[in-house]
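Reading the structure
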Amino acid sequence: MLRATLKGMAARKARLALTSLAVVLGSAFIAASLVLTASIQATVDDLNTDAYAGVDVLVEPVEPETRADRMVRDGVTGQTLAAIEDTEGVAEVSTTVTWMVNAIGDNGKVVGGFSPTMAVNWGDESTSRELREGRAPEADGEVAVSAKFAADAGLGLGETVTAYSMTSDKTAYEIVGVYGYPGGRDSLWGGTELAFTTAEAQRLVFDGQDAYSTVAVKGEAGVGDRELLAAVEHAIGAEATALTWDEYYADATAETAEITDVVGYFLLGFGLIAVFVSVFLIANTFTIVIAGRLGEIAMMRAIGAARSQVVRSVLAEAFLLGTVAAVAGAVVGIAGGAGLTSAVSRFALDTASVSVAIPPTAILAALAVGIGVTVLSALVPAVRASKIPPVEAMREAAKADKPITATTVTGVLVTLAGVAVIALGLTENLGSDRNDLIGTAAGAGLVFIGVTLLTAWLSKPLVALLGRVWAWSFAGQLGRRNASRNPRRTAVTAAAIMIGVTLVTTTATLLTSVKASIQEAYEDTVKAELFVTGPVTAALAPSFDASLMDDIRAVDGVAAAVEVYYDPVDIDGTEQRAYATSDLTGGIELYGGKFLEGQPDSLAADEMIVNESAADQLGVAVGDTVAATFSRGTEAHEFTIVALLEDNETTDGWYVDPAYAAEFYTTKPTSALVDVADGADVDAVGTAVDDILADEPEVSVQNHDEFVAQTTVFYDFAIIAIQLLLGLAMIVAVIGVVNTLILSVLERTRELGMLRAIGMTRGQTVRMITVESVTIALFGAVLGVTVGLALGWAVQTALAESGVNVFAVPTALIAAYLGAAVLVGLVAAIAPAVRASKVDILGAIAYE
């Protein structure tokens, strides 16, 4: 039986090659995900090893407890530094002063985005810096810049750059040096950097205080790091924290591991989707191949082969196929993971030094997935083939498909169960908001599974309906009928396409609905036409000079303009959002806010306004008092709540007198709204306001559409990323269509010969196969779009109370998906159609 199996595989090399390609892709994606994750972590670990090389103990400020504390830097004081230097066993001490700053490029705007510009003192030993041009800064008016900053800012040696922090004024610095990092890197982690004298860095970071971000300590010869740590801890007391270099390295590694693990799991999830899709392809291939070998299997049974031998024969074929494909997939995945690591390291980490790590789990997972999926996919066709009696198998009638009644009934029951669970979730009958959301998501999953099981039952009517588009020609009618003649086979082939289209349609629908909800919220609530704000990608909160508000209000066509200050505040021990504005009622009105209780025109120094849900969170009401500590405040202030606001995303928060803005993290306004007078030209007013803000590099003027587009840009990126990653599943689906059609052509060789014999031309044969392919692909896409829209609606409805209250259909994307399905059908039909058109007529008629 083994020899027969091997000979049979050798005779079907072309058929099995496409099937193995799907396994290769799935296994490769799994291996690549694991290799990429491990390699990025190894590369980052190597970079972390270079930080503070040769240092034994690091001293840092006490770990901040709130976001406000993290944004406002507290440092290791000069007194603590002196105590460390006087500690017995300390041989050498160096200091680091660093935090985010704004720097203006040659275009007049702030340099940077997701990765901020960091200020650092040139004596910092956290990493090595290599001068490429010029020299180190020696005076407070001088700066050395990283090579990436020079490139991004469009500035170079001898030119002037303006930089400032949240507490300092804009200051011009002469660029006296340009530097890079070991390994030929232009940046650290893709960010930009400015190196100042220690005194100037302290002015920018700590408002001129004698303080340091980190103190690095090297011990004398013979002093162990634990012994040195104990001595340093005794010297610093509770004013700072100390840790050994090994502990610092472990913490840094753990932080990056959390990020790389998330990326790895994300990629792994899409790889598993592709593997799941390949199950349909493999099962369909073995079903068709076995159907074509029924005579051979019957002959084996007739000469004494047992049912178990038939099953083992088929599973042996699947095992061999899966092993070869999985090994190839593992090799391809490892190579791909290494290549991706190199690309990510170069563009995201900005390093040419790459550490490729090949974890055993990558190889084992690729082999397990490839072999396991192939064998399990072949199990049902193998068992089904073994159950056919030898005499019956020798008859042509034995090749008829099994009834789909059981699958259809199961699909109906699963779909109804999913609909019922969704209904319970949407009607809030599952006990809590969390349970309602989880139940809705679970119900959506059941509906997805149920519809997948119903694909065979749905294929006949839907394929017949879709095929009518091509029914105007003889070849088109035959292609349509061929697509619907075998519902089980068509369903399995189309299901591979349906799965990918369903997932991407659901995601696109949900994200489009989120965007539409945000847009509607601003259109319905915010009464201003123009926004003064900065990019959402800014690492530091954008701000501008408050004195410019008078100039903006004086612009012809401006009816009102209100500035807003923002701060992450500590209120009764919880992190909250604090706001202040010089025009309280005007600001709340422009933002669409409504008072529920009380309505003061302004606030006294000890008064505060809050929205309803924030008050409920802390269990307070009008008349109650709370204690608030602002980011730059040194003590808590007691406030009395004098009014409640209706919940509204644009106005939710705690409002105080603008005098407290001096204690906010950002002491200047972070945004402003401009209400344009009726009949005035919005664009002209926007241009005039933009001219006023010409010297404010952090902000610009945007209309409603521009502001919403900027706010929702992350959702656009998410849709693109998910579509690209699901593209792998679609490639597997294309292979499935090609494989099914090729096997179908081989199975219908005699039929094709008869059609050619009675007058069908080669062109008609090609059109017939093409219509069949496009119809199957379009059926899977239409079904996927329909299910995806339904599931997207269910999830959106469940999230309505969370603010996603608009259901939006991504029309353009859906049209693109359907168009892609037609293209998939056309591409998939090329090889089978050419093969069918070249069938030898006499040989085909005699074909067995």
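A short tour of the structure in this document, coming up. (Residues numbered from 1 in each chain as written. Predicted model: local features only at pLDDT ≥ 70, side-chain atom pairs only at ≥ 80, totals over all residues. Heavy atoms only, no water.)

**With respect to a negative patch on the surface**
Judged by side-chain charge, E520, E523, D524, D681, D683, D705 and E706 come together as a negatively charged surface patch. Of all the secondary-structure elements, those providing two or more residues to the negative patch are α16 (487-525) and α21 (704-711). Position of E520 relative to the elements: it lies in helix α16. Exposure remark for E520: the relative accessible area of 33% places this residue in the partly exposed category. (Patch = residues over 30% accessible without salt bridge, like charges linked within 9 Å, V, L, I, M, F, W, Y side chains within 5 Å. Areas by Shrake-Rupley, 256 points an atom, 1.4 Å probe, with all protein chains shown as cover. Salt bridge = Lys/Arg side-chain N within 4 Å of Asp/Glu carboxyl O. Lys, Arg positive; Asp, Glu negative; His and termini not counted. Charge placed at Lys NZ, Arg CZ, Asp CG, Glu CD. Helix = DSSP H or I, 4+ residues; strand = E, 2+ residues; numbered from the N terminus. Buried < 20%, exposed > 50% of the residue type's maximum accessible area, 1.4 Å probe, protein only.)

**Brief notes about unusual backbone geometry**
Glycine aside, a negative phi is what most residues show, and trans is what most peptide bonds show. One non-glycine residue with positive phi stands out, namely D207, at about 55 degrees. Note on placement: D207 falls in the loop between α6 (198-206) and β11 (211-212). With phi around 50 degrees, D572 is a residue other than glycine that occupies positive phi space. Topologically, D572 is positioned in the loop between β15 (558-571) and β16 (574-580). Classification of D572 as partly exposed rests on a relative accessible area of 40%.

**Digging into the environment of A836**
For A836, the location among the structural elements is in helix α25 (residues 811-837). Taking relative accessible area as the criterion, A836 reaches 0% and is therefore assigned buried. Here the alpha-carbon distance between A836 and T749, two residues 87 residues apart in the chain, equals 7.9 Å. Setting aside its immediate chain neighbours within four residues, A836 contacts V745, L752, T765 and I769. (Contact = heavy atoms within 4.5 Å.)

**Some thoughts on the nonpolar core**
Generally speaking, a soluble globular protein has its nonpolar side chains buried in company with each other. Counting 44 residues, the largest nonpolar core has V59, L194 and F196 as the members making the most contacts within it. Contacts of V59, omitting those with residues within four sequence positions, involve V76, I84, S213, T214, V215, V217, V232, I236, A240, T241 and A242. Formed by 42 residues, the second largest nonpolar core is a distinct cluster that contains L454, A729, V734 and V824. (Core = buried A, V, L, I, M, F, W, Y, C linked by side-chain atoms within 4.5 Å.)

**Comments concerning the pairing of strand β20 (residues 637-645)**
Direction of pairing for strand β17 (residues 595-597) relative to β20: antiparallel, over a ladder of 2 bridges. The residue bridging E597 from the neighbouring strand is L644, located in β20. The pairing of strand β18 (residues 607-611) with β20 spans 5 bridges and is classified as parallel. The partner of M608 across the bridge, within β20, is I641. The pairing of strand β19 (residues 625-629) with β20 spans 4 bridges and is classified as antiparallel. (Pairing = 2+ DSSP bridges.)

**Notes on the pairing of strand β7 (residues 142-146)**
Across the 5 residues that make up β7, a large majority, 5, are buried. Judged by which residues are buried, β7 turns out to be covered on both faces: E142, A144 and S146 on one side and V143 and V145 on the other are all buried. Where β7 meets strand β9 (residues 171-180), 5 bridges bridge the pair, whose relative direction is parallel. Bridging from a neighbouring strand, A144 pairs with G177 of β9. Both β7 and strand β10 (residues 192-196) contribute to a ladder of 2 bridges, which runs antiparallel. Following the sheet pairing, V145 is matched in β10 by L194.

**Digging into the side chain of S773**
Tracing the sequence through the fold places S773 in helix α24 (residues 762-798). Looking at S773, its side chain comes within polar contact range of the main-chain oxygen of G825, at 2.6 Å. Beyond its immediate chain neighbours, meaning those up to four positions away, S773 contacts V737, L741, G825, A828 and A829. (Polar contact = N/O pair within 3.5 Å; in protein donor to acceptor, adjacent residues only side chain to side chain.)

**Notes on the pattern of salt bridges**
Within this structure, the stated rule accounts for 11 salt bridges. D550 is the salt-bridge partner of R553, the closest N and O atoms lying 3.3 Å from each other. With R553 and D550 both in helix α17 (residues 548-553) and 3 residues apart, the pair spans about one turn of that helix. Among the charged side chains, a network of salt bridges with common partners joins D124, R129 and E193.

**Some points on the side chain of Q702**
Within the secondary structure, Q702 sits in strand β23 (residues 700-703). Here the side chain of Q702 touches Q710 through a polar contact of 3.2 Å, side chain to side chain. The contacts of Q702, once residues within four sequence positions are left out, are E529, L530, F531, T533, F707 and Q710.

**Remarks on the packing of aromatic side chains**
Following the criterion strictly, the structure yields 14 aromatic pairs and no others. Ring geometry for Y52 versus Y248: centroids 5.7 Å apart, planes at 85 degrees, classification edge-to-face. You can see Y52 sitting in the loop between α2 (13-50) and β1 (57-60) and its partner Y248 sitting in helix α8 (residues 245-292), a full 196 residues away along the chain. Pair check on accessibility: Y52 and Y248 agree, each one buried. Ring centres 5.1 Å apart and planes at 65 degrees place the aromatic pair F639 and Y660 in the edge-to-face group. Taken together, the residues F639 in strand β20 and Y660 in the loop between β21 (654-656) and β22 (671-676) connect sequence positions 21 residues apart. The pair formed by F639 and Y660 is uniform in burial state, with each residue classed as buried. (Phe/Tyr/Trp six-rings, centres within 6.5 Å; stacked < 30°, edge-to-face > 60°.)

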